[in-house]
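# Close look at the chain arrangement
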Amino acid sequence: MRSSSFKYAALILITFLLIGENCMAQNFDPFEGKSSQYQLDLSRYFTTPKQESDTLNVLLDSVKKFENNTAWDLPVLAERLDQYEHFSVELTRHMLYERLLYYDNKNDTTARKRMNYDNNVASELRATVNLALTQKELSTLSKAETNQFHLDKFSYLISTIQKNVSHTIPVTSTKIINELAGSVLDRLDDRYDALMDDINKNLVFDSIGKKFNPGTGITTIRHDKNAYIREAGAKAFLNAYAQHEEVFAATLIDIANEENALARLYNYPDAPARMYDKRLQVSENNVKGMLNELNQHADVLKTYQQIQVEQIKHVTGLKQIHSWDMDLPLNYTPRPQTFVSARKSILQALQPLGNDYVSHFADLLDPTQGKLDITGGKSRVTDFTGLGYPGVPITLYMKSFSGETGSIRVLIHEGGHSIHRLLMSENHIVPTNSSGPNFLFESFAILNEFLLLDELTNSSRNPDSRAFYTKTFIDDLADQLFTCAEEGTFEQGIYDGVSAGKIKNKKDIDSLYARIMNKYDLFFKDEPERHAEWINKRLLYDDPIYNVNYLYASLVACKLYELLHKDPENFAIHYNALLRNGFNAPADDLLQKFMNFRLDETQMVEGAIGLMSKKTTELKLLYNQPK
């Protein structure tokens, strides 16, 4: 199953690895012996498993009859679309129920197969409706006709499909393409995962006899107090993957070729153009402009890296710092929080978003409501996600909750997704208008993280703890801005190069990667071992052309953060209206209408860079305070 949650999976994985290094944290129970009180209530979806199974069979039969009905003329169009919306809600209810069963037990292959089958049914249903709405008479639909045939609430759905008519293909073709392209891309994805798993299963022994697993042990290595162990371990880690570089390069090139071919079937020039249009609602030229704008500010990242270099030298006494030294713990490491304490921090952090938002979040985090699935287990799927849909209950799923800072950040981030979906549901929006550009969803969740880190910073009692949370804020911002800019530029370069016949092998990929990293990274030019570290960028393989979504999300989150501080009294009013509204217009128009700004490359980048520079200055001052 292809997913977009890898960044937060990685964040939480690092948290767990750090826990493993500390015996006290390893034995820490964030639920204080009361984990049984934090049970998900699946009866909010269906009273019994039998009811779920029985209603699903009836639903699938109804969907099939709906698809076979070819009546789509104006007099019946509103009724047909109401039926479609109903089916969308009920299919989602079943998919989320099945998904939660599978998430709780990844060995439940029945739940997984049913979830995937229902997802395919929903996809084919959507294709049926999309094709029906491409009929020519709808392209000239007047305001009078919209009113006469009660189509007002569907106007954005109709206009969007009409706009994309050149990218719409017959339902039968969609099914065939989905099966063939999905099969090919899944095999390439599986090739990558299988090789990674094979590497990770084999222990690597470095020259000092230290044993570690490349996929997980690198975190322990990078925190080791011995500089030689850090260097030897990091190089062994990089080499474990680089020795298979030919296969990884061929796989990445094959994926680019397949994605480009798939895009052309939908009448796009290439895969980036298709993905940017679908996910960002912007053109490929717009994205290239945004990436180029970030490239002009790469020195801001290097400035921050240099400040960290000097601080690590000061704390550790090291004469020379490498990239594998940058994760060394400094003067403060926070203790894990209980869930009760974390809940209190989260609700305090969210106060600027208004009482209504906070009360909804408090209800979500109330274990007696049965909306949390976070207490962990042996066979749970590694995912972290806020689930919901208009008319369908919300749930917050995390593989587990540790009480560490990273885990609390995931809680407030994914909880934000759940609350956003709940607010849209309460506003009774057209269900299909609850889906919009992924970057907007992510921007709202990232804003929550910013507020949490501010709260943890402001409630800190000494410069070291304030520095820790300020650094965490900057690290997060740098990752969302600059790492995503690096990866977005790299991935765009891969697809451009493959299309032009200029990316043919690992040497070509290494060369592209080096050009980008030398611009952004203070250490890269002196660390040739890192030439193939692109291999570990899993999203390139598992969810192509997704990285740039986080860049746009971060830029919007920075702008929202700026507006919150400029006008704290009115921000919550406009912001909650935006959340409740759903997606009945392009993202750019929604941001202009509710928040009074647009996706302007220069202004958005300047605002985000300004925030990072401000936080970097604050951190430097904290480092220089007398202890």
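Quick caveat, the model's predicted, so the values are computed rather than measured. (Residues numbered from 1 in each chain as written. Predicted model: local features only at pLDDT ≥ 70, side-chain atom pairs only at ≥ 80, totals over all residues. Heavy atoms only, no water.)

### Re helix α16 (residues 339–349)
The test is simple: Think of it in three bands: residues with accessible area under 20% of the maximum for their type are buried, residues over 50% are exposed, and the middle band is partly exposed, with areas taken using a 1.4 Å probe on protein chains only. The helix and strand labels rest on DSSP assignments: H or I over at least four residues marks a helix, E over at least two residues marks a strand, and numbering proceeds from the N terminus. Whether two residues are in contact is decided by their heavy atoms, any of which lying within 4.5 Å being enough.
Within α16 the residues assigned to the buried category are Phe339, Ala342, Ser345, Ile346, Leu347 and Ala349. Buried residues in α16 make contact with α17 (355–364), β3 (372–373), α18 (405–426) and α19 (438–458).

### What to know about the side chain of aspartate 325
Tracing the backbone shows aspartate 325 in the loop between α15 (298–316) and α16. For aspartate 325, a relative accessible area of 2% translates into the label buried. Among residues more than four places away in sequence, those in contact with aspartate 325 are Arg230, Ile312 and Gln320.

### Brief notes about the pairing of strand β5 (residues 392–398)
In the case of a regular strand, side chains alternate between the two sheet surfaces. As a reminder, the rule being used: Pairing between two strands requires that DSSP report at least two bridges joining them.
Burial analysis of β5 places seven of its seven residues in the buried class, the great majority of the element. Bridge analysis of β3 against β5 gives two bridges, and the strand direction is parallel. Opposite aspartate 373, over in β5, you have tyrosine 397 as the bridge partner. Bridging between strand β4 (residues 384–389) and β5 involves five bridges; their strand directions are antiparallel. Residue pairing for β5: tyrosine 389 is matched across the bridge by valine 392. Here β4 folds back onto β5 in antiparallel fashion, the turn holding two residues, of which glycine 391 has a positive phi close to 85 degrees.

### Looking at the sheet that holds β4
Going by this rule: The axes used here are C-alpha line fits, helices contributing only the stretch in contact, and every angle between their N-to-C directions lies in the interval 0 to 180 degrees.
Spatially, three strands are ordered β3-β5-β4 in an open sheet, and the strand pairing comes out mixed. The sheet terminates laterally at β3 and β4, the two strands that pair on one side only. This element, helix α4 (residues 74–104), spans β3, β4 and β5 of the sheet and lies at about 155 degrees to β4.

### Examining the pattern of salt bridges
For clarity, the cut-off: Should a side-chain nitrogen of Lys or Arg be within 4 Å of a carboxyl oxygen of Asp or Glu, the pair is scored as a salt bridge.
Scanning all chains against the criterion turns up 38 salt bridges. Between arginine 230 and aspartate 325 there is a salt bridge, with its nearest N and O atoms 2.8 Å apart. Here arginine 230, found in helix α11 (residues 227–242), pairs with aspartate 325, found in the loop between α15 and α16; they are 95 residues apart in sequence, far enough to count as distant. Across the pair, exposure class does not vary: arginine 230 and aspartate 325 are buried alike. The salt bridge involving lysine 559 is made with glutamate 562; its shortest N-O contact spans 3.4 Å. Taken together, the positions of lysine 559 and glutamate 562, both in helix α23 (residues 547–566) and three residues apart, correspond to about one turn of that helix. Judged by its relative accessible area of 19%, lysine 559 is buried. Here the residues in one salt-bridge network are Asp454, Lys614, Lys615 and Glu618, joined through shared partners.

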